[in-house]
Amino acid sequence: MRRSDDGDQLELERSGGFAGLTLRALVPFEELSQPQRAAVDDSLSSPPRRRPQADRFQYQLRVGERRVVLEEDDFPAVLRPLLRRLSVTR
Amino acid sequence: MSGCLCSIVPPNVLEQVARTGSPADREAALNTLAIDHSLRTLRIENGTLRGLAARRLALAHGGGGAPLRVIYDAQHRTDTHASLVMRTEGEPPVGDTAANEAFDGLGHTYRLYWDAFQRDSIDDGGMPLLGEVHFGVDYDNAFWDGARMMFGDGDGRLFTGFTAAIDVIGHELTHGVTQDTLGLRYIGQSGALNESISDVFGSLVKQFALNQTAEQADWLIGEGILGPALQGVALRSMKAPGTAFEGDVQPTHMSGYVRTASDNGGVHINSGIPNHAFYLAATAIGGRAWAGAGRIWYDTMSSGAVRPDAQFHAFAMATLHTAERLFGLGSSQAVAVSEAWTAVGVLKGVRALDAALG
Ligand SMILES: [Zn+2]
């Protein structure tokens, strides 16, 4: 079953790093594995404490109205394969 | 059998010095033992650690003035448990470009801080400069983790590596200096100041190595590391923020300050404003930038003149006070600093007018 609101995709953003480039990717939910969906939901419902560190990456996950910012070390390993989809936004 | 040239180095070489040497030797040996406990358990050549100990002993007698560098191979991992020592102080170049570039960049950074500001390494206490090359897989970043520098190799598309630009290395190590001095919070304006200070001293490392005047310097950050997917000459330009590459959105003036949730509040974007103020002050003062504007910025940083949550205005006022203290009220240097911050919209210009009217 496919939902029709904009909660049917994951908006992934990586910002920061020495370069300060912002990269984004849109991933349809149907392309996420069950563990990946669980990891996204987990991060959205219990965000880890923010602790900004110089020149590390930060990741933002957005699904519909729900949004969370994660430090590089808090980014779920199971979502790492999605990073290949990131591209520079202008 | 492997015919291994390596062996587990027993720490007893240093421990013997620590027990039987002169007080200075003993302290140095203890420092060396404390560099990183992992060093002792790594499989490294027997002579490496002895050479390191000897170097540290020499330093202890000399009272600073020479770096103590160790370059590790992270072996494409993102932890450092399996890192191998590639090159240490006093050793000739090895067969790995990134390792040699990192080694040289750490040395150039040490030289700027020691020769220009008499600062003995990041902590002003001779802290060893540790660098990890080949960090992660296709990793598009370099950073200071609080104890050592990590260099990715780049993915070849956005970046071709991070060791080729010595201003990048100076930038990263300066995060260590800032952490040790002002401790600027890495978010919003204090975060952008933290970023700008790293760009300022990163650029000065390059200018010092090339012995350039403020006029001759390119004022670029990250020249020579961009891959084919990024169109431009560098990542940031202190001379002309917003023009370094096609996606460069750095503002030059407070009127262009970017409010965003990304990048800890746009710390790599809004740093363009204090970056440009430094460029304006340095070129107005003229000569070698580390002797004029650099001295003012360094003294402001090392004297702990602003709070960790300082905004642009507080930092600008602190640099102006430092300039007046170092060079005199109404001096050309103080006027240059005041006018620079006024030009980027951080100060209102009253001080500049006062100074000009004498
Ligand atoms: Zn930085």
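Worth saying up front: this structure is predicted, and the values here are computed from it rather than measured.

Procedures and definitions
- Per chain, residues are indexed from 1 in the order of the written sequence.
- Key to labels: chains lettered from A, ligands numbered from 1, both in the order written.
- Since the coordinates come from a predicted model, pLDDT governs what is reported: local features require at least 70, and pairs of side-chain atoms require 80 or more to be given and counted, while whole-chain, interface and lining totals use all residues.
- Only hydrogens and water are set aside when side-chain values are computed; all heavy atoms of the structure are taken into account.
- The donor set comprises N, O and S atoms within 2.8 Å of the metal, extended to 3.2 Å for Na, K and Ca; water molecules are omitted, so apparent gaps in a site may simply reflect that omission.
- Numbering of helices and strands starts at the N terminus; helices are DSSP runs of H or I of at least 4 residues and strands are runs of E of at least 2.
- Classification of residues uses two cut-offs on accessible area relative to the type maximum, computed with a 1.4 Å probe and protein chains only: under 20% is buried, over 50% is exposed, and between them is partly exposed.
- Two strands are counted as paired when DSSP detects at least two bridges linking them.
- Any two residues whose heavy atoms approach within 4.5 Å at even a single point are treated as in contact.
- To obtain an axis, a line is fitted to C-alpha atoms, over the contacting stretch when the element is a helix, and the angle between two such axes runs from 0 to 180 degrees between their N-to-C directions.
- Throughout, the accessible surface (probe 1.4 Å) given up by two parts as they are put together, summed over both, is called the buried area.
- Any Lys or Arg side-chain nitrogen located within 4 Å of an Asp or Glu carboxyl oxygen qualifies as a salt bridge.
- N or O atoms within 3.5 Å of each other form a polar contact, as long as, within protein, one can give a hydrogen and the other can take it, and as long as residues adjacent in sequence are counted only when both atoms are side-chain atoms.
- Here, nonpolar core refers to any group of buried Ala, Val, Leu, Ile, Met, Phe, Trp, Tyr and Cys residues whose side-chain atoms link them within 4.5 Å.
- The split of the chain into domains comes from an automatic or database domain assignment.
- The quantity called pLDDT is the predictor's confidence in a given residue, expressed from 0 to 100.
- Oblique is the label for any angle not under 35 degrees, not over 145, and not in the 65 to 115 range, which are roughly parallel, roughly antiparallel and roughly perpendicular in turn.
- Under the grouping applied here, Gly and all other residues not named as nonpolar or charged are polar, the nonpolar ones being Ala, Val, Leu, Ile, Met, Phe, Trp, Tyr, Cys and Pro and the charged ones Asp, Glu, Lys and Arg.
- Think of it this way: a Phe, Tyr or Trp ring, Trp meaning its six-membered ring, pairs with another when their centres are within 6.5 Å, and the plane angle makes it stacked under 30 degrees, edge-to-face over 60, tilted otherwise.

Enquirer: Looking at this structure, I do not really get the coordination of the zinc ion. What am I missing?
Expert: Metal coordination angles have textbook ideals: 109.5 degrees for a tetrahedral set of four donors and 90 or 180 degrees for an octahedral set of six. Looking at the zinc ion, one finds its protein donor set to be Asp55 of chain A (OD), Asp55 of chain A (OD), His171 of chain B (NE2), His175 of chain B (NE2) and Glu195 of chain B (OE), positioned 2.0 to 2.3 Å from the metal centre. Taken together, the positions of aspartate 55 of chain A in the loop between helix H1 (34–45) and strand S3 (57–63) and glutamate 195 of chain B in helix H7 (residues 188–210) put the pair across two chains. Neither aspartate 55 of chain A nor glutamate 195 of chain B differs from the other in exposure class; each is buried.

Enquirer: Explain the sheet that holds strand S4 (residues 66–71) of chain A to me, please; I cannot follow it from the model alone.
Expert: Working definition: the strands of a sheet are paired by backbone hydrogen bonds and lie parallel or antiparallel to each other. Residue and element names in this part refer to chain A. Ordered in space as S4-S3-S1-S2-S5, the five strands form an open sheet in which the pairing is antiparallel. Because the sheet does not close on itself, it has two edges, and the strands there are S4 and strand S5 (87–88). With six bridges joining them, strand S1 (residues 9–16) and strand S2 (residues 23–28) adopt antiparallel strand pairing. Looking across to S2, one finds that leucine 10 is bridged to valine 27. Sitting on the sheet, H1 is in contact with S1, S3 and S4, with an inclination near 90 degrees to S4.

Enquirer: Where do I start with the side chain of threonine 174 of chain B in this structure?
Expert: Mapped onto the secondary structure, threonine 174 of chain B falls in helix H6 (residues 166–180). Threonine 174 of chain B has contacts with Tyr113, Ile197, Ser198 and Phe201 of chain B, leaving out every residue within four places of it along the chain.

Enquirer: Can you walk me through the interface of chain B and chain A in this structure?
Expert: It is common to report an interface's size as the accessible area lost on association of the parts. Facing 30 residues of chain B, the contacting portion of chain A comprises 23 residues. The junction of chain B with chain A conceals about 2,100 Å² of combined surface from both sides, 55% of it contributed by carbon and sulfur atoms. The three residues of chain B that bury the most area against chain A are Asn141, Tyr186 and Asn264 of chain B, which together make up 20% of that side's buried surface. On inspection of chain B and its partner chain A, the count reaches zero salt bridges. Remark: the boundary between chain B and chain A carries 13 residue pairs in polar contact (both at pLDDT 80 or more).

Enquirer: How should I be thinking about the nonpolar core in this particular structure?
Expert: The tendency in soluble globular proteins is for nonpolar side chains to be buried side by side. All names here are of chain B. Within the largest apolar cluster, 108 residues are counted, with the highest numbers of intra-cluster contacts made by Phe159, Phe201 and Trp341. Considering each element in turn, this core owes the most residues, 10 residues, to helix H5 (residues 97–117). Both of domain 1 (1–181) and domain 2 (185–358) provide at least three residues apiece to this core. If sequence neighbours within four positions are ignored, phenylalanine 201 has contacts with Leu112, Tyr113, Phe117, Thr174, Gly294, Trp297, Tyr298 and Met301.

Enquirer: I tried to follow the pairing of strand S3 (residues 69–73) of chain B on my own but got confused; where do I start?
Expert: Side-chain direction in a regular strand flips from residue to residue, so the side chains alternate between the two faces of the sheet. All names here are of chain B. Counting buried positions over the five residues of S3 gives five, a clear majority of the element. The alternating pattern of S3 places Arg69, Ile71 and Asp73 on one face and Val70 and Tyr72 on the opposite face, and all of these are buried. Looking at chain direction, S3 and strand S5 (residues 129–133) are connected through five bridges and run parallel. Looking across to S5, one finds that isoleucine 71 is bridged to glycine 131. One ladder, built from four bridges, connects S3 with strand S4 (residues 84–88); its direction is antiparallel.

Enquirer: Looking at this structure, I do not really get the sheet that holds S4 of chain B. What am I missing?
Expert: All names here are of chain B. Strand order in the open sheet made by the five strands is S4-S3-S5-S7-S6, with mixed pairing throughout. Edge positions in the open sheet fall to S4 and strand S6 (142–144), since each of these has one partner strand only. Ignoring strand direction, the axes of neighbouring strands in this sheet form an average angle of 20 degrees. Taken together, the two bridges between S5 and strand S7 (residues 149–151) define a ladder with parallel strand orientation. Residue pairing for S7: glutamate 132 is matched across the bridge by methionine 150.

Enquirer: Sorry, what's going on with the confidence of the model for chain B here?
Expert: Residue and element names in this part refer to chain B. Here chain B averages 86 in pLDDT, and 80% of its residues register 70 or above. Low confidence marks residues 1–21, where pLDDT is under 50. Its contacts with residues over four positions away, or in another chain, come to 37 contacts. Here residues 26–47 is modelled with pLDDT under 50, and outside its nearest four sequence neighbours on either side it reaches 55 contacts, counting other chains as well. Both scores are given for the predicted complex: the pTM is 0.86, the ipTM 0.91.

Enquirer: What am I meant to see in the environment of glycine 222 of chain B here?
Expert: By the element assignment, glycine 222 of chain B lies in the loop between strand S8 (220–221) and strand S9 (236–237). Leave out the neighbours within four places in its chain, and glycine 222 of chain B touches Ala165, Asp167, Val168, Val233, Ala234 and Leu235 of chain B.

Enquirer: Sorry if this is basic, but what is going on with the packing of helix H11 (residues 312–327) of chain B against helix H12 (residues 332–343) of chain B here?
Expert: Think of two packed helices as two axes; the pair is described by the angle between the axes and how far apart they sit. Residues and elements named next belong to chain B. At a minimum axis separation of 8 Å, H11 and H12 run at an interaxial angle of 170 degrees. Between H11 and H12, the interaxial angle falls into the category roughly antiparallel. Between H11 and H12, the residues in contact are Phe315, Ala316, Thr319, Leu320, Ala323, Glu324 and Phe327 and Gln333, Ala334, Val337, Ser338 and Trp341, respectively. Within the contact of H11 with H12, the residues separate by chemical class into eight nonpolar, three polar and one charged.

Enquirer: Looking at this model, I keep getting lost on the packing of aromatic side chains. Mind explaining?
Expert: The description of an aromatic ring pair uses the distance of the two centres, along with the angle that the planes make with each other. All names here are of chain B. All told, the structure shown has 20 aromatic pairs over all chains when counted by the stated rule. Relative to phenylalanine 201, the ring of phenylalanine 117 has its centre 5.8 Å away and its plane inclined at 80 degrees; by these criteria the two rings are edge-to-face. Linking phenylalanine 117 in helix H5 with phenylalanine 201 in helix H7, this pair joins segments that are 84 residues apart in sequence. Classification of phenylalanine 117 as buried rests on a relative accessible area of 3%. For phenylalanine 201, a relative accessible area of 0% translates into the label buried. A centroid spacing of 6.3 Å and a plane angle of 70 degrees characterise the contact between tyrosine 139 and phenylalanine 143, whose relative ring orientation is edge-to-face. You'll find tyrosine 139 and phenylalanine 143 in the same group, each marked buried. An aromatic cluster is defined as three or more aromatic residues linked by ring pairs; in this entry it consists of Trp219, Phe278, Tyr279, Trp297, Phe315 and Trp341.

Enquirer: What is the right way to read unusual backbone geometry from this model?
Expert: Glycine aside, negative phi is the norm for most residues, and most peptide bonds take the trans geometry. Residues and elements named next belong to chain B. For glutamine 118, which is not glycine, the phi torsion reads 50 degrees and is therefore positive. Mapped onto the fold, glutamine 118 is located in the loop between H5 and S5. Assessed through its relative accessible area of 46%, glutamine 118 is described here as partly exposed. For serine 121, which is not a glycine, the phi torsion comes out positive at approximately 75 degrees. Its relative accessible area of 5% is what places serine 121 among the buried residues.

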